[in-house]
Amino acid sequence: MKREEEVKVLSRERLAEDVFSIRLESSIGGEALPGQFVSLYTRDRTKLLPRPISICEGKEGELRLVFRIVGGGTHEFSRLMPGEGIRIIGPLGNGFPKRKGKALIIGGGIGIPPMLFLAESRNKEDNIIVTGFRDGDTFLLKELSENGSVYAAIENPGLEADEDHGQEEKFSGVVENESGAEGEDSGAKVKDPVEKNAAGSVFRGAEFTSGWAKGNVLNLIEEKGLSAKVIYACGPTPMLRAIKEYSLRNGIEAFLSLEERMACGIGACLSCVCNSEKIDDHSLVKNKRICVEGPVFPSEEIIL
Amino acid sequence: MSEKGCITEDNLRVNIAGVELKNPVMTASGTFGSGMEYSEFTDLNSLGAIVTKGVALTPWEGNKTPRTAEVTSGMLNAIGLQNPGIDLFIKRDLEFLKAYDTVVIVNVCGKTVDEYVEVVKRLADTRADMLEINVSCPNVKEGAIAFGQNKDALFNITEKVKRAAKQPVIMKLSPNVTNIAEMARVCEAAGADAISLINTFTAMKIDIYKRKFALANRTGGLSGPAIKPIAVRMVYECAHAVKIPVIGMGGIASGEDAIEFMMAGARAVAVGMMNFNEPFITKQILRSMLQYIQDYNVRDINELVGCVN
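Reading the values: rules and limits
- Residues numbered from 1 in each chain as written.
- Chains lettered and ligands numbered in written order.
- Predicted model: local features only at pLDDT ≥ 70, side-chain atom pairs only at ≥ 80, totals over all residues.
- Heavy atoms only, no water.
- Helix = DSSP H or I, 4+ residues; strand = E, 2+ residues; numbered from the N terminus.
- Rg over C-alpha atoms; globule rule 2.2 N^0.38 Å.
- Buried < 20%, exposed > 50% of the residue type's maximum accessible area, 1.4 Å probe, protein only.
- Contact = heavy atoms within 4.5 Å.
- Areas by Shrake-Rupley, 256 points an atom, 1.4 Å probe, with all protein chains shown as cover.
- Lys, Arg positive; Asp, Glu negative; His and termini not counted.
- Charge placed at Lys NZ, Arg CZ, Asp CG, Glu CD.
- Core = buried A, V, L, I, M, F, W, Y, C linked by side-chain atoms within 4.5 Å.
- 1 Å grid on protein atoms, 1.4 Å probe; cavity = no way out; pocket = protein on both sides within 12 Å on 5 of 7 lines; lining within 4 Å.
- Points joined across faces, edges and corners; volume = space filled by probe spheres on them.
- Nonpolar A, V, L, I, M, F, W, Y, C, P; charged D, E, K, R; others polar.
- Buried area = accessible area lost by both parts, 1.4 Å probe.
- Salt bridge = Lys/Arg side-chain N within 4 Å of Asp/Glu carboxyl O.
- Polar contact = N/O pair within 3.5 Å; in protein donor to acceptor, adjacent residues only side chain to side chain.
- Phe/Tyr/Trp six-rings, centres within 6.5 Å; stacked < 30°, edge-to-face > 60°.

Novice: Explain the overall build of chain B residue by residue, including any values.
Specialist: Along chain B, the regular secondary structure elements total nine helices and 16 strands. The C-alpha atoms of chain B give a radius of gyration of 18 Å, which matches the 19 Å a tight globule of 309 residues would have. If you line up chain B on its principal axes, its C-alpha atoms span 60 × 50 × 40 Å. Per-residue burial for chain B yields a buried fraction of 61% across its 309 residues. At a minimum sequence separation of 6, the contacts of chain B that also span at least 24 residues come to 71%. Of the roughly 12,000 Å² of accessible surface on chain B, a fraction of 49% belongs to carbon and sulfur atoms. Distance between charge centres in chain B, computed from 33 positive and 34 negative side chains, equals 6 Å.

Printed below as a string of structure tokens:
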């Protein structure tokens, strides 16, 4: 049952350049399903609309949210300290439908956090988790690796990907150190702000992956020949569009989590619609509410 | 002084065009659906009235997304009057509202006068207690604000709707005009039972990082606390231009705001955008209005209507 709560922040953590994690003490945590979200309110009285944020982890008495700072509201949330309060509404939206067997769990950028919740709710042996990042400033790879096998597609890793990359291999690359001196190899530079980690890898958390590739998630899936009985995906619209097309082409059932600007967040205002293939029962037009009929939709039902 | 203890919710009762409302607080069209979603939070029975989302003769798709954008102390919307059409609305939404003890005001929209008239006729023997005629939505290419910005068109549609309507007719005015009091007079002359104002201001937001309009429709209607001072001024002007009751709205966020509108001349008020900020806002508003009349020994809320002039 959705409700409004004033909740306490339990902890905060910076995961990447502008990506933050907060844990909230909330009864919503125990009721939330993977795929659902919560609305967060700022204390700033000039910013009146709720900010919808996907649930990254939910358990009895606790909600974890991982979000990117994209404006004044999310910036305010990133500044909350343990013990401070925040007003939220949730759980909102529908969840990912349960399916048995192997799943490709695909998260692009800030679409990754809700996929952790999903992975945790399934048998880890059945989870092939594919993450996509713009650069080496990654997050959540360690936790994801505890819930399935993890692959990472990095658009700009700072060097050309070799044929086979695995956890055991050393990555060759050049890191510009403080004195500006360059090391061996190609002369390609690893992008800031990524630190070269202990394993000598070119992106944070590479040691938790079963493989990675330069490019996008679909490049990686095809390159590694990854396949499953069902696909779950969340991320930028171009990524979802490509995955929808891939799933239709290969006859694989796929569930996509969408997002759109919201106002009420509970289905009353009709701001956050997506286009549907067929006329929707509630609206009687080819629009569905992402906050109620979604955010998760079977890929064949919606037009991206 | 001993009379103070007798002031209760009953002292909030108001009457608009012959319809009794238990209190002056309504929810604004477009911000509350038909109450189904908000009923999980706030008690619909506690409301003076629910004004439902604009309904047309047939289902309308509305505008492309993004349909909303936040601005300082407010928001822009360009929903574009998406609605399921009068048939499903009567069968589902009005059926749902039968279970609640509140006044139901159905907001009507259309592209042509004939469409408005047909919807109004279909609503004749339904749960609808009053009708609010949308001649002010700025987000559609035909109908709505096209009527509200033109005196002759406004007179004509008011007259035709009034002739066809069984329930009392409220004309919802647009602030996107040079002289809103003049529009109020036009509606009164054409036979409207009441007026409600203001609808949203046509406005725009540009995202300077994406270098795009924030709304797919480019412009949208501005609502929220940002518009309240202009809304209060317009309510004042209209209340002094006509004798028919004025329902005031525009950025109401508290009981104090509601009373301010009443003192400017509104007999009842509507709360819109702030429902998105706090689903229990109407409950909070009623609570603080009751406290005001208790604290200042106002035996009848109607004493406050237009008391500042």
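Novice: Report on the nonpolar core, specifying residues and quantitative values.
Specialist: Of all hydrophobic cores here, the largest spans 154 residues; its most connected members are Ile106(A), Val106(B), Ile133(B), Met171(B), Ile195(B) and Leu197(B). Ranked by size, the runner-up nonpolar core spans 31 residues in total, among them Ala16(A), Leu118(A), Ile129(A) and Ile154(A).

Novice: Pulling in residues and values, what's your account of empty space enclosed by the protein?
Specialist: One way to see where empty space is left: roll a probe the size of a water molecule over the atoms. Applying the stated criterion across every chain, the model contains three cavities of 30 Å³ or more. Considering the residues around the largest cavity, the lining is formed by 35 residues, among which Ser29(B), Thr31(B), Asn77(B), Asn199(B) and Thr200(B) are closest to the centre. When contributions to the lining of the largest cavity are tallied by element, the ones reaching two or more residues are strand E6 (74–77) and strand E16 (268–271) of chain B. Within the lining of the largest cavity, the residues separate by chemical class into 15 nonpolar, 18 polar and two charged. Of the pockets and cavities examined, the second largest cavity occupies roughly 220 Å³. For the second largest cavity, the lining is made up of 19 residues, of which Leu270(A), His282(A), Pro84(B), Arg92(B) and Asp93(B) are closest to its centre. Per element, the largest residue contribution to the lining of the second largest cavity is three residues, and it comes from helix H1 (residues 86–97) of chain B. Grouping the constituent residues of the lining of the second largest cavity by class yields six nonpolar, eight polar and five charged.

Novice: Please set out the interface of chain B and chain A residue by residue, giving values where relevant.
Specialist: Between chain B and chain A, the contact holds 37 residues from the first and 34 residues from the second. Between chain B and chain A, a total of about 2,900 Å² is buried, with carbon and sulfur atoms accounting for 55% of that surface. Of all residues in chain B, the largest losses of buried area upon contact with chain A belong to Glu70(B), Phe276(B) and Asn277(B), amounting jointly to 21% of the total for that side. Linking chain B with chain A are four salt bridges, by the criterion used here.

Novice: Talk me through helix H5 (residues 180–189) of chain B; I want residue IDs and the actual numbers.
Specialist: Residues and elements named next belong to chain B. Those residues of H5 that fall on the buried side of the exposure criterion are Ile180, Ala181, Met183, Ala184, Val186 and Cys187. Taken together, the buried residues of H5 touch helix H3 (145–148), helix H4 (151–164), strand E9 (169–172), strand E10 (194–197) and helix H6 (228–239). You can read the cap of H5 off the contacts: a side-chain oxygen lies 3.2 Å from the backbone nitrogen of alanine 181, and it is on asparagine 179. Looking one or two places after H5, you find glycine 191, whose phi comes out positive at around 105 degrees.

Novice: Talk me through the packing of aromatic side chains; I want residue IDs and the actual numbers.
Specialist: All names here are of chain B. With the rule as written, the count across this model stands at 10 aromatic pairs over all chains. Arranged with centres 6.1 Å apart and planes meeting at 80 degrees, the rings of phenylalanine 41 and phenylalanine 280 form a pair that is edge-to-face. Pair noted here: phenylalanine 41 is in the loop between strand E3 (25–27) and strand E4 (49–51) and phenylalanine 280 is in the loop between helix H8 (274–277) and helix H9 (281–295), with a separation of 239 residues, a long-range link. Residue class for phenylalanine 41 comes out buried when judged on its relative accessible area of 10%. Relative accessible area serves as the criterion here: at 23%, phenylalanine 280 is assigned to the partly exposed category.

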